[in-house]
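Residues per chain are reported as follows:
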Protein chains: 2
Amino acid sequence: MFIPRGFRFGAIYSGIKRDASREDLTLIVSDKNCAAAGVYTRNLVCAAPVTLDRSRTPAKNIRAVVVNSGNANACTGQQGMKDAKQMAEWAARAAGASKTGALVMSTGIIGHFLPMEILEKGIAKVSQELGDDAASLEKAARGIMTTDTKRKLFTRQIMVDGVEVRLAAMGKGAGMIAPNMATFLGCVLTDAKLAPAAAQKLLQKVADDTFNCITVDGHTSTNDTLLLLANGASGSVDVAKNKDFENALHEICAELARSIPADGEGASHLVTIHTRGLKTKLHARRIARLIAESPLVKCAFAGNDPNWGRIVSAAGYSGVDFDVKKVTLHVNGFLLFEKGAPADFDADKVSRSMSENHEIVVELQFAEGNADARFWTCDLTTEYVHINADYHT
Amino acid sequence: MFIPRGFRFGAIYSGIKRDASREDLTLIVSDKNCAAAGVYTRNLVCAAPVTLDRSRTPAKNIRAVVVNSGNANACTGQQGMKDAKQMAEWAARAAGASKTGALVMSTGIIGHFLPMEILEKGIAKVSQELGDDAASLEKAARGIMTTDTKRKLFTRQIMVDGVEVRLAAMGKGAGMIAPNMATFLGCVLTDAKLAPAAAQKLLQKVADDTFNCITVDGHTSTNDTLLLLANGASGSVDVAKNKDFENALHEICAELARSIPADGEGASHLVTIHTRGLKTKLHARRIARLIAESPLVKCAFAGNDPNWGRIVSAAGYSGVDFDVKKVTLHVNGFLLFEKGAPADFDADKVSRSMSENHEIVVELQFAEGNADARFWTCDLTTEYVHINADYHT
């Protein structure tokens, strides 16, 4: 594991969640001011921490990120904004930063005010338990989990002009969380040197190809937040135009993004959808997304059914113009549909390859142009319905 | 039951479906030429019968509609087009019409050629068994069913200038059918007098508010077809501008449309979503549709969970601009969310009302303008996943 230098991490159970065996409060502190960037939910109904972070990023004075699970601080009006600010202020104080030197993320129940007494005590406590070792970083990644079954933490190291530059990305899944929202939270830390505006530009670019290309159920959350903090502690030169850094950031974000549907609620398959040969990237993304979100396609995958008709017809209702007589489809490398007509394939063999692998790869080739896209999703199982139907507010 | 005059109906088991106890071939014949109109799937990947009917409507010389279930004649290329034409020609001959005097609808398995020998014999046979009584009409409605658990047939009678005018509408559901497609097929018959162009205009208008406002899983089929046949046998005046006729057509189409999600695959609730007070009808429809298609909302309904957060946040990611502080939500008449904040409601009581009724009514009030919309959908149950995952091509 590569741990970015100049950061300390910690997480505790503070009392927000009911289950005291799971951390619910994570604090990340940087020794130096960080350049910070953020990409947020496009949901008009967004939570107070999203509004606060959005107003603060890009920033050059960030020293801390505080994250709570168990309460989303969403649909909480002016009181919610006041609470988010206060929570960030406590974290900033604990990090020795200026009043506005912290960012905040929340995930959990919607429509309830944050338990501020618990948070005040919790932030004070976790700030006494920070460490810069692997165990502390892992604990921080666990602290932001909700219905995730696996912690999501990925790290990388690259050389920039002879200097070791490290990146770490942690996140929580797009699974539904008690009781209301599917939410993605992510935080990328690096000890590279990067200016705020460049950090923002890079993060947005990378997010479009990674976090904006995953879907579990197509329901955009009120709290989605992705942060990037760069503190320069590696002593590197500015990496704004360093291709290796951009590639590493892209890779680590792709790895984190992919881990979300792989651990989607009730998921038995991670599904990668490649659309190729469209006129524009927008067309390629639109078709990939519609396939990724079709309940029929997702149910077929759950049943290991190489149902090419559902895939091709989902492309057909995308509104994108294409010549179906030039469309070819492969699933797990098997040719299912060739130039507008069903191919002669062994359905049992394809089905077996789907049931034997956790991953399914769909490749849909068009002949309209040179634009490609890739989407990640998961299948739709009865377990997903159980998780999301059998809960009561 | 009101049976439009001048039509005869029949259905038989011809041998397309495996289950010989269920009709799979329906023939409807008019004594006189009908004005015929059609509204079709917007899926770019559309089946041969859709291409054929689209090229023929609006028409003034239609005498027959032939419908088979068990085979969709979709993704079948030039052979499929030839077969659809041939099938229509046999039906036209049986009705004593000109070669192009029939329309055809198909539903069932995708990517297989029609069994033409079976169809030739079947059409000859069913044409000998036509009747103009209620039993014959009911049989015709049964013949187009696939996974529907109930036959869908609705009739109306109105007075036009002292003349009894009758309408009958039959359809099959948007449930998934073995093995590949969710499909809606519908046919409205009337003995009113109506010119082809006016019939087309009326049908499109009515479809936009009825059949284009239902969703089970958001997956547009390759075969969706809605036909209107008007033969003038009532002796009425032309009803193109008759408001009573338009209202009756609207009502009967709404009744048929609503019956589709009510009998959606695995559905335990019919859900009506009203969005009100938007700037444009497009906005109102877009929000209603996103709520209707959110798997999270649909799972909550399956669990009788008055989960207002999922409903409000689905509106939030519609891309429609609105002031959330002026949004109010009722479910089954209970106030759940008022002017941007959760209302104080008895969740058990609301949940009980959901579990005790097959219907759930969602009313989302905005303060942006005067445009309203209404969408019908069903909930998402484990049974839906079973039906669509446990089948193998």
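In case you missed it, the structure is sitting above this.
Sequence order sets the numbering: in each chain, residues are counted from 1 along the sequence as written. Numbering of ligands from 1 and lettering of chains from A proceed in the order in which they are written. Predicted model: local features are reported for residues with pLDDT of at least 70 only, side-chain atom pairs are reported and counted for 80 or more only, and whole-chain, interface and lining totals are derived from all residues. With hydrogens and water set aside, each side-chain value is computed from the structure's full complement of heavy atoms.

1. Topic: the overall build of chain A
Helix numbering and strand numbering both begin at the N terminus, where a helix is a DSSP run of H or I of at least 4 residues and a strand a DSSP run of E of at least 2. On a plain count of helices and strands, chain A comes out with 11 helices and 16 strands. Its C-alpha atoms give chain A a radius of gyration of 22 Å, near enough to 21 Å, the size a compact globule of 393 residues would have. The dimensions of chain A, computed from C-alpha atoms along their principal axes, are 65 × 55 × 35 Å. Burial classes: relative accessible area under 20% of the type maximum marks a residue as buried, over 50% as exposed, and values in between as partly exposed (1.4 Å probe, protein chains only). In chain A, which comprises 393 residues, the proportion classed as buried is 61%. For every accessible area listed, the method is Shrake-Rupley and the probe measures 1.4 Å; residues are considered covered only by the protein chains on display. Here chain A displays about 14,200 Å² of accessible surface, and carbon together with sulfur accounts for 48% of that area. Only four residue types enter the tally: Lys and Arg on the positive side, Asp and Glu on the negative side; His and the chain ends are excluded. For the purpose of locating charges, the reference atoms are NZ of Lys, CZ of Arg, CG of Asp and CD of Glu. If the 45 positive side-chain charges of chain A are averaged to one point and the 44 negative ones to another, these points end up 6 Å apart. Here the radius of gyration uses the C-alpha set of atoms, whereas the globule reference equals 2.2 Å times the residue count to the power 0.38.

2. Here we look at unusual backbone geometry
Peptide bonds are mostly trans, and most non-glycine residues show a negative phi. Residues and elements named next belong to chain A. Note that the residue after Thr57, namely Pro58, is joined by a cis bond; omega there is -5°. Located in the positive-phi region is Asn304, a residue other than glycine, with phi close to 55°. Looking at where Asn304 falls in the secondary structure, it is placed in the loop between α8 (295-302) and α9 (308-316). Even without being glycine, Asn332 reaches a positive phi, approximately 50°. Mapping Asn332 onto the fold places it in the loop between β12 (328-331) and β13 (334-338).

3. Describing the sheet that holds strand β11 (residues 334-338) of chain B
All names here are of chain B. In this scheme, strands are said to pair when DSSP sees at least two bridges between them. The mixed open sheet is built from six strands, whose spatial order is β12-β11-β10-β13-β9-β14. Each having just a single partner strand, β12 (341-342) and β14 (371-378) make up the two edges of the open sheet. Where strand β10 (residues 328-331) meets strand β13 (residues 359-365), four bridges bridge the pair, whose relative direction is antiparallel. By the bridge assignment, Thr328 is partnered in β13 with Gln365. Contact criterion: two residues are considered in contact whenever any of their non-hydrogen atoms come within 4.5 Å of each other. The angle between two axes is taken between their N-to-C directions and runs from 0 to 180 degrees, where each axis is a line fitted to C-alpha atoms and a helix contributes only its stretch in contact. Along the sheet face, helix α10 (residues 347-356) touches β10, β11 and β13 and points at about 125° away from the line of β11.

4. Overview of the interface of chain A and chain B
When the parts come together, some accessible area is lost, and that loss is often what is quoted as the size of the interface. Tallying the contact residues gives 56 residues for chain A and 56 residues for chain B. Throughout, the accessible surface (probe 1.4 Å) given up by two parts as they are put together, summed over both, is called the buried area. Taken together, the two surfaces of chain A and chain B that pack against each other cover about 4,200 Å², and 64% of this comes from carbon and sulfur. We define a salt bridge as a contact between a side-chain nitrogen of Lys or Arg and a carboxyl oxygen of Asp or Glu at a distance within 4 Å. Taken together, chain A and chain B are joined by zero salt bridges. Identification of polar contacts relies on pairs of N or O atoms within 3.5 Å, with a donor-acceptor requirement for protein atoms, meaning one able to donate a hydrogen and the other able to accept it, and with residues adjacent in sequence counted only if both atoms are side-chain atoms. One can count five residue pairs in polar contact (both at pLDDT 80 or more) joining chain A with chain B. At the level of secondary structure, the elements contributing two or more residues to the side of chain A that touches chain B comprise β8 (181-182), α8, α9, α10 (347-356) and α11 (382-389) of chain A.

5. Focus: the relation of the copies chain A and chain B
Here chain A sits on chain B after a turn of 180° about the axis and a move of 0.0 Å along it, with an RMSD of 0.0 Å. Given the turn and translation reported, the copies of this chain are related as if by a two-fold rotation axis. For chain A, the minimum C-alpha distance to the rotation axis belongs to Thr382 of chain A and amounts to 2.4 Å. A high fraction, 100%, of the interface residues of chain A reappear at the interface in chain B, so the copies pair face to face through one surface. Alignment of the copies relies on least squares applied to C-alpha atoms, considering only residues that score at least 70 for pLDDT in both.

6. Here's the deal with helix α3 (residues 116-127) of chain A
Residue and element names in this part refer to chain A. Here, expected helix span is obtained from the residue count minus one, scaled by 1.5 Å. The end-to-end C-alpha distance of α3 is 16 Å, a good match for the 16 Å that 12 residues give at a rise of 1.5 Å each. All of the buried residues in α3 are Met116, Leu119, Gly122, Ile123, Val126 and Ser127. Looking down the long axis of α3, one finds its buried residues gathered within 120° of arc, a one-sided arrangement. Across α3 from its buried face, at more than 90 degrees, point the exposed residues Glu117 and Lys121. Looking at the buried side of α3, the elements it contacts are β1 (7-12), β2 (25-40), β3 (59-71) and α2 (77-94). In this description, the arc belongs to the directions extending from the helix axis to the C-beta atoms.

7. Digging into the side chain of Ser136 of chain B
Along the polypeptide, Ser136 of chain B turns up in helix α4 (residues 134-143). When residues no more than four places from it in sequence are discounted, the contact partners of Ser136 of chain B are Phe9, Gly10 and Gly131 of chain B.

8. Quick word on the side chain of Thr155 of chain A
Relative to the elements of secondary structure, Thr155 of chain A occurs in strand β5 (residues 152-160). Those residues in contact with Thr155 of chain A that lie beyond four places of it in its chain are Met1, Phe2, Leu137, Leu167, Ala168 and Ile252 of chain A.

9. As for the sheet that holds β13 of chain A
Strands pair in a sheet through their backbones, by hydrogen bonds, and they do so in one of two ways: parallel or antiparallel. Residue and element names in this part refer to chain A. The mixed open sheet is built from six strands, whose spatial order is β14-β13-β12-β15-β11-β16. Two strands bound the open sheet, and with one partner strand each, they are β14 (341-342) and β16 (371-378). Bridge count between strand β11 (residues 270-278) and strand β15 (residues 359-365): seven bridges; the pairing is parallel. From the neighbouring strand, Val271 faces β15, where its bridge partner is Ile360. Strands β11, β15 and β16 of the sheet are contacted by helix α7 (residues 281-293), whose axis makes an angle of about 20° with β16.

10. Considerations on the packing of α11 of chain A against helix α11 (residues 382-389) of chain B
Axis separation between α11 of chain A and α11 of chain B bottoms out at 8 Å; the angle between their running directions is 170°. By the angle between their axes, α11 of chain A is roughly antiparallel relative to α11 of chain B. Across the interface between the two elements, Thr382, Val385 and His386 of chain A from α11 of chain A touch Thr382, Val385 and His386 of chain B from α11 of chain B. In this count, Pro and Cys sit with the nonpolar residues alongside Ala, Val, Leu, Ile, Met, Phe, Trp and Tyr, while Asp, Glu, Lys and Arg are called charged and the others, Gly among them, polar. When its residues are assigned to classes, the contact of α11 of chain A with α11 of chain B shows two nonpolar, four polar and no charged. Between 65 and 115 degrees an angle is taken as roughly perpendicular, under 35 as roughly parallel, over 145 as roughly antiparallel, and anywhere else as oblique.

That's the geometry; what it means functionally is another story.
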